[in-house]
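Structural characterization, general
Take a look at the letters that make up each chain.
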Amino acid sequence: MTATVVQLKHEVKDLSLAPLGKQRIEWAGREMPVLGQIRDRFAKEKPFAGIRLAACCHVTTETAHLAIALKAGGADAVLIASNPLSTQDDVAASLVADYGIPVFALKGEDAATYERHVNIALDHRPNIIIDDGSDVVASLIQHRQNQISDLIGTTEETTTGIVRLRAMFRDGVLTFPAMNVNDADTKHFFDNRYGTGQSTLDGIIRATNVLLAGKNIVVAGYGWCGKGTALRARGMGGNVIVTEIDPIRAIEAVMDGFRVMPMDEAAPVGDLFITVTGNKHIIRSEHFDVMKDGAMVCNSGHFDIEIDLKVLGEKATEVRTVRPFTQEYRLKSGKSVIVLGEGRLINLAAAEGHPSAVMDMSFANQALACEYLVKNKGKLEPGLHSIPVDVDKEIARLKLQAMGINIDTLTASQIEYMNSWTSGT
Ligand code: ADE
């Protein structure tokens, strides 16, 4: 029997890639048991019947499972890419052809196409927006105030998006509820730390195939993503240097066993630089000037603003692609700087993003955050909302269960002890 191909309005690179995408989506599903259980429940309960949903995510095998779960729950969902370089074209094709989900995403799309896709997501007149970086929400607020009344709420996946939402709230323009998925424990402890740690190194290795052992690896930023990246870089035998602006995080990095210094001092000694700060121009003109010949720079923060590539371009006499996602900038000084993944998220540009096992929990949070918004429609104050602790804990419980790991429970006398203050020394 031949499968029915659903022709939808969509914009993907090549629908003939669908069989490969379907195979890879199914592979990822093996590591996503928690989201799978939620999908099966959604299929019975249909919490999103009549709900229009726009998701702006990295279009990966893991995001495919989120989109499939939302559709199973009755959502009328469209999916666009949250980064020009992160789309997996085979997955986009399969979502359209095999799962009947409209996708507007092409790996390598230019800025105008990206913006057009954001507008397509908003043309859907979403009741719920799932955002990764807050571009869709920012566009809604700036250009489509008349659609805010359609909105039940939004969810945000990433640290950068949360920083932007807080700024929107301070400016008085966040007039609807936004679920803070990033700060759920079952999200950032695992996705930001172990997901970014593994996938960043994966992207660097796929792009360059260089040996990391013995290299001076400079990790800029010691948030959860920086912690994971530094940990895994050390695991590969790198001599890891951390740069920070926060004194507490700097002490943490020192006591975790890393050298800590300002970028001015790290720049001349680093062999490989990885930015994960969420801020702009972490590596800039004065740093390029003192780098070793052949130093490699890449970014694993959300936006491509952490490395000042404009200034590097001005210093260069020639830019040539030496491998996929690897460009050599030959400088007037005679030295070269190697830029990986065009300064965009290296883990998604040159590799496949975080592994499925961590995205399972991140996207379980996304799915349940959407359900929470629908269940509490009209009751939530405008502004950021945490994922309820019981939801966070339930995701952890389901994950442990799927991993076949049991843990202890408190005895009655332990509960009593924890609730009393009379017994001391
Ligand atoms: N962000 C980081 N890794 C990801 C992945 N694999 N899928 C979707 N979003 C991601």
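Fair warning: this is a prediction, and the values are worked out from it, not measured in the lab.

1. Some points on the site of the ligand
- If you check the shell around the ligand, you find His58, Thr60, Glu62, Thr63, Leu348, Glu352, Gly353, His354, Met359 and Phe363 and nothing else.
- Here a nitrogen atom of the ligand sits 2.9 Å away from a polar atom, N or O, in the side chain of Glu62.
- A distance of 2.8 Å separates a nitrogen atom of the ligand from a polar backbone atom of His354.
- Here the ligand, which alone exposes 260 Å², has 95% of that area covered by the protein.
- Every element with two or more residues in the shell around the ligand is listed here: helix 3 (61–72) and helix 15 (356–375).

2. Describing the sheet that holds strand 14 (residues 336–340)
- Across the sheet, which stays open at both edges, the eight strands sit in the order 9-8-7-10-11-14-13-12 with mixed pairing between neighbours. In this open sheet, the two strands that pair with only one neighbour each are strand 9 (259–260) and strand 12 (316–323).
- Of the pairings in the sheet, the one linking strand 8 (residues 239–243) to strand 9 comprises two bridges and is parallel in character. Opposite Val242, over in strand 9, you have Val260 as the bridge partner.

3. A short note on unusual backbone geometry
- Positive phi, normally seen in glycine, also occurs at Ser134, with a value near 75 degrees.
- One non-glycine residue with positive phi stands out, namely His281, at about 50 degrees.
- When you line up the elements, His281 lands in the loop between strand 10 (272–275) and helix 12 (285–290).

4. Some points on the domain arrangement of the chain
- Along its sequence, the chain is organised into domain 1 (15–183 + 353–402) and domain 2 (194–344).
- Between the C-alpha centres of domain 1 and domain 2 the distance comes to 29 Å.
- On the side of domain 2, eleven residues touch domain 1, which itself brings 16 residues to the contact.
- Area buried by domain 1 at its contact with domain 2 is led by Leu85, Thr160 and His354, which between them contribute 41% of it.

5. Quick look at the packing of helix 1 (residues 18–29) against helix 3
- Running from N to C, helix 1 and helix 3 point in directions that differ by 80 degrees, and their axes come no closer than 8 Å. As judged from the angle between their axes, helix 1 and helix 3 are roughly perpendicular. Packed against helix 1, whose contacting residues are Arg24, Ile25, Ala28 and Gly29, the element helix 3 presents Thr61, Glu62, Ala64, His65 and Ile68 at the interface.
- Split into classes, the residues belonging to the contact of helix 1 with helix 3 amount to four nonpolar, three polar and two charged.

6. Quick notes on the confidence of the model for the chain
- Summary statistics for the chain give a mean pLDDT of 96 and a share of 98% for residues scoring 70 or more.
- Confidence drops under a pLDDT of 50 for residues 1–7, and excluding neighbours within four residues, the segment shows six contacts in the predicted structure.

7. Focus on the pattern of salt bridges
- A full pass over the atoms with the stated rule returns 28 salt bridges.
- For Asp202, the salt bridge identified is with Arg206, shortest N-O distance 2.9 Å. One end of the pair, Asp202, and the other, Arg206, are both in helix 8 (residues 185–208), four residues apart, so they sit about a helical turn from each other.
- Of the charged contacts, one joins Asp304 and Arg344 as a salt bridge, the two residues approaching to 3.3 Å between their closest N and O atoms. With Asp304 in the loop between strand 11 (295–299) and helix 13 (309–315) and Arg344 in the loop between strand 14 and helix 14 (346–349), this residue pair connects regions lying 40 residues apart in the sequence.
- Several salt bridges share partner residues, and in doing so they unite Arg24, Asp90, Asp202, Arg206 and Glu352 into one network.

8. A word on the environment of Leu66
- Among the structural elements, Leu66 can be located in helix 3.
- Residue classification places Leu66 among the buried positions, given a relative accessible area of 1%.
- Counting along the chain gives 300 residues from Leu66 to Gln366, while the straight-line C-alpha distance between them is 8.0 Å.
- Not counting chain neighbours up to four residues away, the residues in contact with Leu66 comprise Leu35, Ile130, Phe363, Gln366 and Ala367.

9. Comments concerning the nonpolar core
- Formed by 49 residues in total, the largest nonpolar core has its most connected members in Leu53, Val59, Leu70, Leu95, Val103 and Ile130.
- Listing elements by their share of this core, those giving two or more residues are helix 2 (33–45), strand 1 (52–57), helix 3, strand 2 (76–81), helix 4 (89–97), strand 4 (128–131), helix 15 and helix 16 (389–403).
- When residues of this core are assigned to their parent elements, the largest contribution, nine residues, is made by helix 15.
- Not counting chain neighbours up to four residues away, the residues in contact with Ile130 comprise Leu53, Ala54, Ala55, Cys56, Cys57, Leu66, Leu70, Thr155, Gln366 and Cys370.

10. Some points on the packing of aromatic side chains
- Overall, the coordinates contain five aromatic pairs when judged by the stated rule.
- By the ring-pair criterion, three or more aromatic residues cluster together here, those being Phe189, Phe190, Tyr194 and Trp224.
- If you follow Lys227 out to its NZ or CZ, it ends over the ring of Trp224, 5.2 Å from the centre.

Criteria and cut-off values
Residues numbered from 1 in each chain as written. Predicted model: local features only at pLDDT ≥ 70, side-chain atom pairs only at ≥ 80, totals over all residues. Heavy atoms only, no water. Near = heavy atom within 4 Å. Polar contact = N/O pair within 3.5 Å; in protein donor to acceptor, adjacent residues only side chain to side chain. Areas by Shrake-Rupley, 256 points an atom, 1.4 Å probe, with all protein chains shown as cover. Helix = DSSP H or I, 4+ residues; strand = E, 2+ residues; numbered from the N terminus. Pairing = 2+ DSSP bridges. Domains from an automatic or database assignment. Contact = heavy atoms within 4.5 Å. Buried area = accessible area lost by both parts, 1.4 Å probe. Axes fitted to C-alpha atoms, helices over the stretch in contact; angles between N-to-C directions. Parallel < 35°, antiparallel > 145°, perpendicular 65-115°, else oblique. Nonpolar A, V, L, I, M, F, W, Y, C, P; charged D, E, K, R; others polar. pLDDT = per-residue confidence, 0-100. Salt bridge = Lys/Arg side-chain N within 4 Å of Asp/Glu carboxyl O. Buried < 20%, exposed > 50% of the residue type's maximum accessible area, 1.4 Å probe, protein only. Core = buried A, V, L, I, M, F, W, Y, C linked by side-chain atoms within 4.5 Å. Phe/Tyr/Trp six-rings, centres within 6.5 Å; stacked < 30°, edge-to-face > 60°. Lys NZ or Arg CZ within 6 Å of the ring centre and 35° of its normal.

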